[in-house]
Amino acid sequence: MARISIVGTGYVGLVAAACFADLGNRVVCVDIDADKIAALRSGRVPIWEPGLQELVARNTAAERLFFTTDYRDGLAGSQFIFLCVDTPSLDDGRPDMRRVEAAVTSIAASVTHPVVLVNKSTVPVGTGEWVEERLASGKLAGSQVSVASCPEFLREGSAVQDFMHPDRIVIGCPLPDVARRVADLHKPLAAPLVFTDLRTAELIKFASNGYLATRISFVNHIARLCEATGVDVQEVARGMALDSRIGDGFLSPGLGFGGSCFPKDLRALRYLGHSYGIDTALPDAVLSINRAARAWVPEQVRALLGERVHGAEIGLLGLAFKPGTDDLREAPAMDIARELQRAGCTVRAYDPAALHKASALLPDLVPARNAWELAEGADVLVICTEWNEFRHLDMKRIASIMRRRILLDGRGVCDPAAMRKLGFVFRGIGRGQAWEREAGRRA
């Protein structure tokens, strides 16, 4: 059993803490947010993530998982300290390092014994070396701290599964014996290990997320070409995916990516390129296409309703940036709701997890308790998040209670022919609308 301290109880920190505790380790979470720590001590998990509530409760009851606001108590006797604090984007794309710097300062002032400091925060290349210099600046009263980087690759909605069954574990550390200790801590996960230096580990995180975001923007670009040429993008994606060099991951067109990682990490990659005088046309284009993807819904609403846009009732199915989470950070649905409200629409919404948070951010949003309440009297229904329950709705019933049967599928959930058979005016991203309009004119 290892003794582990986790600094930061945000998404990454809390998932890592609960999972490490479930593997039999003694884990103490340290966070300066007293309200969050009080909630966690009382059994309330502030993050909506499948399986996490149960994991925290089980390991707290088993006295393997603890929470504190006191750095000195929380780090006492630890063999490993995992740094898991947020690094949101600044206006120029740089990660905001103030929380990292504050946490490192507190660690330096609190630790008096040899320990391995493992960074899981998404940080600029070179941060590990900066941490080493900071900790060696004489504020540790002679203690020995070794620094390693172990970036996280958790997907919201499947974070517990991703932690327990990772594709790989990247360990950046200049000291082979320390790297091996970090590897041994992850040994129960039985994942391939990538040993490298600090800078490489830090860049692997940005490169991975940047590439996945690029695939999403690429297929969204192809989707717009499909709309213009009368081709179904899902058939194109299926044909692409069968190529062993490509595969089927991240080839689902939609309203674009959101959340706390892809947009932020792309902006950080762009800033890094600017810093070294490297052309940033690729991340620029990926971000530009992603912004344009969420404009598809207002464009369709205006095209289909014309002057009737003002006062129209629009229902949004889903608000979270992806299913399985209540995270609204950079969620396409939130931008869509704001744009439709600016156009004079009444916007209603239903989401299984994120509705309460969304109502606090958009006071004029009209909440619905379920899909039926959302659809009743609506002019347009928009699928913004591909929650599983939306794949199995009784669409015949939905059609019967709408005022105008206009259905916009922003996530490839519905079969176009089946929806039109039910009487919907249907539009789906990349589903060949231009060809259908031309065919109608010819007929």
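Here, the structure is the one placed above.
What you are looking at is a predicted structure, and each value in this text was computed from that prediction instead of being measured. (Residues numbered from 1 in each chain as written. Predicted model: local features only at pLDDT ≥ 70, side-chain atom pairs only at ≥ 80, totals over all residues. Heavy atoms only, no water.)

### Some thoughts on the environment of Gly128
Worth spelling out the cut-off: A run of H or I in DSSP counts as a helix once it spans at least four residues, and a run of E counts as a strand once it spans at least two, with each numbered from the N terminus. By the convention used here, residues are in contact when the closest approach between their heavy atoms is within 4.5 Å.
One can find Gly128 in helix α6 (residues 127–135). Sequence spacing of Gly128 and Gly172 is 44 residues, and the spatial spacing of their C-alpha atoms is 9.1 Å. The contacts of Gly128, once residues within four sequence positions are left out, are Val147, Leu198 and Glu202.

### A closer look at the packing of helix α1 (residues 11–22) against helix α3 (residues 52–61)
Worth spelling out the cut-off: To obtain an axis, a line is fitted to C-alpha atoms, over the contacting stretch when the element is a helix, and the angle between two such axes runs from 0 to 180 degrees between their N-to-C directions. To sort the angles, those under 35 degrees are grouped as roughly parallel, those over 145 as roughly antiparallel, those from 65 to 115 as roughly perpendicular, and the leftovers as oblique. Left-handed describes a crossing whose near helix is turned anticlockwise from the far helix through less than a right angle; right-handed describes the clockwise counterpart. Three residue categories are used. Nonpolar comprises Ala, Val, Leu, Ile, Met, Phe, Trp, Tyr, Cys and Pro, charged comprises Asp, Glu, Lys and Arg, and polar comprises the others, including Gly.
Relative to each other, α1 and α3 sit at 50°, their axes nearing to 9 Å. Here α1 is positioned oblique relative to α3, judged by the angle of their axes. For the element pair α1 and α3, the recorded crossing hand is left-handed. Together, Leu14, Val15, Ala18, Cys19, Ala21 and Asp22 of α1 and Leu52, Leu55, Val56, Arg58 and Asn59 of α3 make up the contact between the two elements. Among the residues making up the contact of α1 with α3, the classes are represented as 8 nonpolar, 1 polar and 2 charged.

### What to know about the pattern of salt bridges
What counts here: The salt bridge criterion pairs a side-chain nitrogen of Lys or Arg with a carboxyl oxygen of Asp or Glu, the two atoms within 4 Å. Using a 1.4 Å probe on the protein chains alone, a residue whose accessible area is under 20% of its type maximum counts as buried, one over 50% counts as exposed, and one in between counts as partly exposed.
Here the structure, examined in full by the defined rule, presents 27 salt bridges. As a salt-bridge pair, Arg155 and Asp162 come within 2.7 Å of each other at their nearest N and O atoms. Residue class for Arg155 comes out partly exposed when judged on its relative accessible area of 44%.

### A short note on the state of the cysteines
Rules: Any two cysteine sulfur atoms within 2.5 Å of one another count as a disulfide.
One pass over the structure, following the stated rule, counts 0 disulfides. Cys84 takes part in no disulfide bond, and the closest cysteine sulfur to it belongs to Cys29, at a distance of 8.6 Å. Here Cys261 is not cross-linked by a disulfide; its sulfur's nearest cysteine counterpart is in Cys84, at 13 Å.

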